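# Residue-level structure breakdown
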Amino acid sequence: MRGGRSGPREGSRARLGRERMAVYLLFFLSGTAIGTWTARIPAIKERLALSDGRLSIALLAVAAGAVIGMTVVGRLVDRYGSSRAVVPAALAQGVVLVPPAYAPDLITLSGTLLVFGIVHGILDVSMNANAVEVERAHGRPIMSSFHAVYSVGGFAGATAGGLFAHRELSAAVTFWTVGAVIAVLAAWAARWALRSAPAARTATRERAGRRGIVFLGVLAFCCLVGEGAAADWSSVYLREDLLATPGIAAAGYAAFSIMMTAGRLAGDRLAARFGPVTLVRCCGLLAAAGLGLALLGGHQVAGVLGFGCFGAGLSCIVPQVFSAAGHRDPAFAGRALARVASIGYLGMLSGPVFIGALAELTGLPRALAIPALLAAFVALTATALRVRAKEPAGQAPPG
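Residues numbered from 1 in each chain as written. Predicted model: local features only at pLDDT ≥ 70, side-chain atom pairs only at ≥ 80, totals over all residues. Heavy atoms only, no water.

A few words on the overall build of the protein. The number of helices and strands found in the protein is 15 helices and zero strands. Since a compact globule built from 399 residues should have a radius of gyration of about 21 Å, the 21 Å found for the protein is in line with a globular shape. In terms of overall dimensions, the protein has C-alpha extents of about 70 × 45 × 40 Å along its principal axes. Across the 399 residues of the protein, 52% fall into the buried class. When contacts within the protein are restricted to residue pairs at least 6 apart in sequence, those whose partners lie at least 24 apart make up 84%. If you sum the accessible surface of the protein, you get close to 17600 Å²; carbon and sulfur atoms cover 67% of it. Counting 36 positive and 19 negative side-chain charges, the protein places the averaged centre of each group 11 Å from the other. (Helix = DSSP H or I, 4+ residues; strand = E, 2+ residues; numbered from the N terminus. Rg over C-alpha atoms; globule rule 2.2 N^0.38 Å. Buried < 20%, exposed > 50% of the residue type's maximum accessible area, 1.4 Å probe, protein only. Contact = heavy atoms within 4.5 Å. Areas by Shrake-Rupley, 256 points an atom, 1.4 Å probe, with all protein chains shown as cover. Lys, Arg positive; Asp, Glu negative; His and termini not counted. Charge placed at Lys NZ, Arg CZ, Asp CG, Glu CD.)

Written out as structure tokens, the structure is:
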């Protein structure tokens, strides 16, 4: 009798484990595609003899496509379920990685990158929606670990692209190889992905929670301004303002990336123990203090340590924001995540540009104080994450 009762539970745990591993793989492959593309941008630029300005037009197409994809897919996820979008998007990601390598001119390159961005945006929202459903099934916080795996995938893709470049292989060979691996692994993940159904409609109207969702988007915006600033300006600050060697200057962003991944790996345990509000408040304060150390320490070591603390502080904010948005109302999780992701992505795009323009007027150290202030703002307003999903009676939301 005991074995008969435990069998279904063991089967359920095994199924949940497979569904969780499928989402891990989807996040990893999404990061791998972006990392591989980023690593081979110089090869594309050289082949088409593009200036920095003309290349920026093509890169803007990726961003525009991502926003379009995020905007469109939200309603589809809510109407048909996240798995109906995440599976084809994951498979398509390996395919759309290839065409940019064959673009003969800037216009064609921009068109192929627009499609690449659309697929990436669709996958971003749908896989986060699927992750929210898996998190709900587990009954405890697991969102941060998914985002940690995305970071690992980005590193793996960049490493693979760098190895192909080191062997002087073309971008086409790189994209065909990595794209094929992505497609095969995505097909494997599709076998185990959670088959979600459209969420049952509740009496809550989408508009009733729109203001709260927009504010969660603002928090994501604040965080992603910091991520973009670290990526684009940390090495410049260390090199030009703290007179670091090129190696030490690169160590600033390396410390940021490593600590962000480490923070996300620990984020689920911290969220389960302290709750998302306390975790995000502490993370915001750590990020603000870390960047403050980098800017006020006046020493190269302080700069590297400060950017490391900045990465650790930012690490858990976006996963917790996405989790809060997805759990707010399951009937509108797709649209909520699409709105939050779109607003946050604008921070990643516009933040570094604004900081660069402000640096022309005030100097880079003062301009980089903006991400520190935004992190402090996130800490002060972390109670926005307190609103959780409407669950059936007797079932507590995760976290």
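A word on the packing of helix H6 (residues 143-166) against helix H9 (residues 246-274). Interaxial distance between H6 and H9 falls to 7 Å at its minimum, and their mutual angle equals 155°. As summarised for this structure, H6 and H9 are arranged roughly antiparallel, according to the angle between their axes. With respect to the hand of their crossing, H6 and H9 are arranged in left-handed fashion. Across from Met143, Ser144, Ser145, His147, Ala148, Ser151 and Val152 in H6, the residues of H9 making contact are Thr261, Arg264, Leu265, Gly267 and Asp268. When its residues are assigned to classes, the contact of H6 with H9 shows four nonpolar, six polar and two charged. (Axes fitted to C-alpha atoms, helices over the stretch in contact; angles between N-to-C directions. Parallel < 35°, antiparallel > 145°, perpendicular 65-115°, else oblique. Left-handed = near helix turned anticlockwise from the far one by under 90°. Nonpolar A, V, L, I, M, F, W, Y, C, P; charged D, E, K, R; others polar.)

Mean pLDDT over the protein: 87, with 90% of residues reaching 70 or higher. Across residues 1-6, where pLDDT falls below 50, the model places zero contacts with residues more than four positions away in sequence or in other chains. Predicted confidence for residues 388-399 stays below pLDDT 50, and this span has 30 contacts to residues more than four positions away or in other chains. (pLDDT = per-residue confidence, 0-100.)

Before going further, it helps to examine the packing of aromatic side chains. Considering all chains together, one arrives at seven aromatic pairs under this definition. Between the aromatic rings of tryptophan 37 and phenylalanine 175, the centroid separation amounts to 6.3 Å while the plane-to-plane angle is 45°, which identifies the pairing as tilted. Here tryptophan 37, found in helix H1 (residues 2-39), pairs with phenylalanine 175, found in helix H7 (residues 171-192); they are 138 residues apart in sequence, far enough to count as distant. Judged by relative accessible area, which is 6%, tryptophan 37 ranks as buried. An aromatic cluster is built from Tyr24, Phe27 and Phe146, whose rings are joined through pairwise contacts. (Phe/Tyr/Trp six-rings, centres within 6.5 Å; stacked < 30°, edge-to-face > 60°.)

Let us now look at the side chain of glutamine 320. On the secondary structure map, glutamine 320 appears in helix H12 (residues 317-328). Exposure remark for glutamine 320: the relative accessible area of 3% places this residue in the buried category.

In the structure shown here, the tally under the stated rule is zero disulfides. Cysteine cysteine 283 remains unbridged, with the sulfur of cysteine 316 as its closest cysteine sulfur at 4.3 Å. Overall, cysteine 316 belongs to the buried group, its relative accessible area being 1%. (Disulfide = S-S within 2.5 Å.)

Turning to the environment of aspartate 232, a few remarks are in order. By the element assignment, aspartate 232 lies in helix H8 (residues 210-241). On the accessibility criterion, aspartate 232 (46% relative accessible area) is partly exposed. Sequence separation between aspartate 232 and glycine 356 is 124 residues, and the spatial gap between their C-alpha atoms is 9.2 Å.

Now for a nonpolar patch on the surface. Residues Ile68, Val72, Leu76, Tyr80 and Leu114 make up a contiguous nonpolar surface patch of about 410 Å² in total accessible area. With four residues, helix H3 (residues 52-80) is the single largest residue contributor to the nonpolar patch. Here leucine 76 shows up in helix H3. (Patch = residues over 30% accessible without salt bridge, like charges linked within 9 Å, V, L, I, M, F, W, Y side chains within 5 Å. Salt bridge = Lys/Arg side-chain N within 4 Å of Asp/Glu carboxyl O.)

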